Amino acid sequence: MVPTEAGPTTRTVVALADGRELIYFDRGEAAGRDAVDKRPLEPGRSASQVRRDPLTGAWVTIAAHRQVRTYHPPADECPLCPSRDGRLSEIPAEDYQVAVFENRFPSLAGDAGGEAAPPDGDPLRLARPGVGRCEVVCFTADHGASFAALDEDRARLVLDAWTDRTAELSARPDVEQVYVFENRGAEIGVTLAHPHGQIYALPFTTPRTARTIEQAARHRAATGRNLFEDLLAAERADPVRVVASGEHWTAFVPFAARWPYEVHLYPHRRVPDLTRLDEAERAELPGLLLDLLRRFDRLFGSAEAPVRAPYIAAWHQAPATGGEELALHLELFTIRRTTDKLKYLAGTESGMEAFMNDVAPEYAAERLREVAG
């Protein structure tokens, strides 16, 4: 990895006991990263399969082996903490800054053993092995911290790791789209409390991205312009829903927000993925992202007593094919709608994908502006 204005990044690759890859990302000193994984692990094997839904055309991943994955372990048995005091974890080193490793219970894997498509080529039963890769990104060795608690230099190191992994994974011939995301909070369904995110290298284009590609093509045909560029320009021209902005990025609540509090973060210059950001854009992003996450924590608490909001932070990147019109952006949303109420995906959302939002986007933007640090 090349040095950045934030300082040179050291990238150290080691193998875990079962052969999975672990990559440490460090700024400055990186002692102890050659520690050996001493656990008696057998090589794992994924048996996932991707099947095409004939009604929608979407690919669905079947990964029954994940039923046995680690579920809400106590803090002193966290597999994402460093290996210390005789307790061995997924991270052999006694300390780390940012660590990325192959998921022990992946939905997709390079050696997926799912059955191939039906031999008769039945179009109603299209299936193939769930080939791809799933990685875990540990933001910090501090079990009690969160992404919002990082300083800008550490957040920039996470950005460097995301960029590195996007570049490497997107170059694989079995990968169609790289999805970088963070789930936070038990309410979201998180099973490990340690601050971390994930990266999925998918063998297909996700349904949401596929629909967006169709909309962008319609917009181009109707106007001759790019949908994302027009969308960002419209929000900046009438900033009633703009939450925060800088020289290179703007964060706004979308006009048709699906979630109670939902913010989209766009670079002003359209790029397809994280690898195409320039240094000025990379330098500004950590501060803006941390600001947004901290505002979410103040929505239902205060600056003195923030309440950790359950959220999903999803980086939308263009797929390998068909994504020329798309723009890199972050979609950040919480499922909390009031201090003591959650937004559940019930009949209309889960059954028909027709969202009903209880919070007006303009009000959500106003509240997020009010809770600025």
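Residues numbered from 1 in each chain as written. Predicted model: local features only at pLDDT ≥ 70, side-chain atom pairs only at ≥ 80, totals over all residues. Heavy atoms only, no water.

Colleague: Could you give me a rundown of the environment of Arg-369, with the residues and numbers involved?
Modeller: Positionally, Arg-369 belongs in helix α6 (residues 361-370). Classification of Arg-369 as partly exposed rests on a relative accessible area of 33%. On a C-alpha basis, the gap between Arg-369 and Gly-224 in space is 34 Å, while along the polypeptide they are 145 residues apart. (Helix = DSSP H or I, 4+ residues; strand = E, 2+ residues; numbered from the N terminus. Buried < 20%, exposed > 50% of the residue type's maximum accessible area, 1.4 Å probe, protein only.)

Colleague: Can you break down the environment of Asp-164 residue by residue, with the values?
Modeller: Its location among the elements puts Asp-164 in helix α1 (residues 152-170). Judged by relative accessible area, Asp-164 falls into the buried class, the value being 14%. Side-chain polar atoms of Asp-164 contact the side chain of Arg-11, separated by 2.8 Å. (Polar contact = N/O pair within 3.5 Å; in protein donor to acceptor, adjacent residues only side chain to side chain.)

Colleague: Residues and numbers for the sheet that holds strand β10 (residues 242-245), please.
Modeller: Within the open sheet, the 11 strands sit side by side as β1-β2-β5-β7-β9-β8-β13-β14-β12-β11-β10. Their pairing is antiparallel. Each end of this open sheet is capped by a strand with a single partner; those strands are β1 (9-15) and β10. Pairs of neighbouring strands in the sheet enclose a mean axial angle of 20°, with direction left out of account. Along the sheet, α6 makes contact with β10 and β12 (261-267), crossing β12 at roughly 75°. (Pairing = 2+ DSSP bridges. Axes fitted to C-alpha atoms, helices over the stretch in contact; angles between N-to-C directions. Contact = heavy atoms within 4.5 Å.)

Colleague: Help me get a handle on the sheet that holds strand β4 (residues 59-62), residues and values and all.
Modeller: Ordered by their spatial adjacency, three strands build an open sheet running β4-β3-β6, and the pairing between neighbours is antiparallel. With one partner strand each, in any of the chains shown, β4 and β6 (127-129) form the two edges of the open sheet. When the angles between neighbouring strand axes are averaged without regard to direction, this sheet yields 25°. Pairing analysis gives four bridges linking strand β3 (residues 49-52) to β4, with the strands arranged antiparallel. Within β4, the position partnered with Arg-51 by the bridge is Val-60.

Colleague: Describe the packing of aromatic side chains, and please don't skip the residues or the numbers.
Modeller: Enumeration over the complete set of coordinates arrives at 11 aromatic pairs. The positively charged end of Arg-128 is found above the aromatic ring belonging to Trp-59, 4.2 Å away from the centroid. Here the guanidinium or amino end of Arg-258 rests over the ring plane of Phe-355, the centre of that ring lying 5.3 Å away. (Phe/Tyr/Trp six-rings, centres within 6.5 Å; stacked < 30°, edge-to-face > 60°. Lys NZ or Arg CZ within 6 Å of the ring centre and 35° of its normal.)

Colleague: Describe in detail empty space enclosed by the protein, supporting the description with residues and values.
Modeller: Scanning all chains against the criterion turns up one cavity of 30 Å³ or more. Taken as a whole, the largest cavity holds about 60 Å³ of empty space. In this structure, the largest cavity is lined by Phe-139, Phe-147, Trp-162, Phe-181, Glu-182, Leu-289, Leu-293, Ala-313, Trp-315 and Leu-330. At the level of elements, β8 (177-184), α4 (279-299) and β13 (311-316) are the ones that each hand at least two residues to the lining of the largest cavity. (1 Å grid on protein atoms, 1.4 Å probe; cavity = no way out; pocket = protein on both sides within 12 Å on 5 of 7 lines; lining within 4 Å. Points joined across faces, edges and corners; volume = space filled by probe spheres on them.)

Colleague: For the layout of surface pockets, give the residues involved together with the corresponding values.
Modeller: Put simply, the second largest pocket is a space of about 400 Å³. Along the walls of the second largest pocket sit 24 residues, with Arg-20, Gly-44, Arg-45, Asn-103 and Pro-106 positioned nearest its centre. In the lining of the second largest pocket, the residues fall into eight nonpolar, seven polar and nine charged. (Nonpolar A, V, L, I, M, F, W, Y, C, P; charged D, E, K, R; others polar.)

Read these as spatial facts, not as claims about activity.
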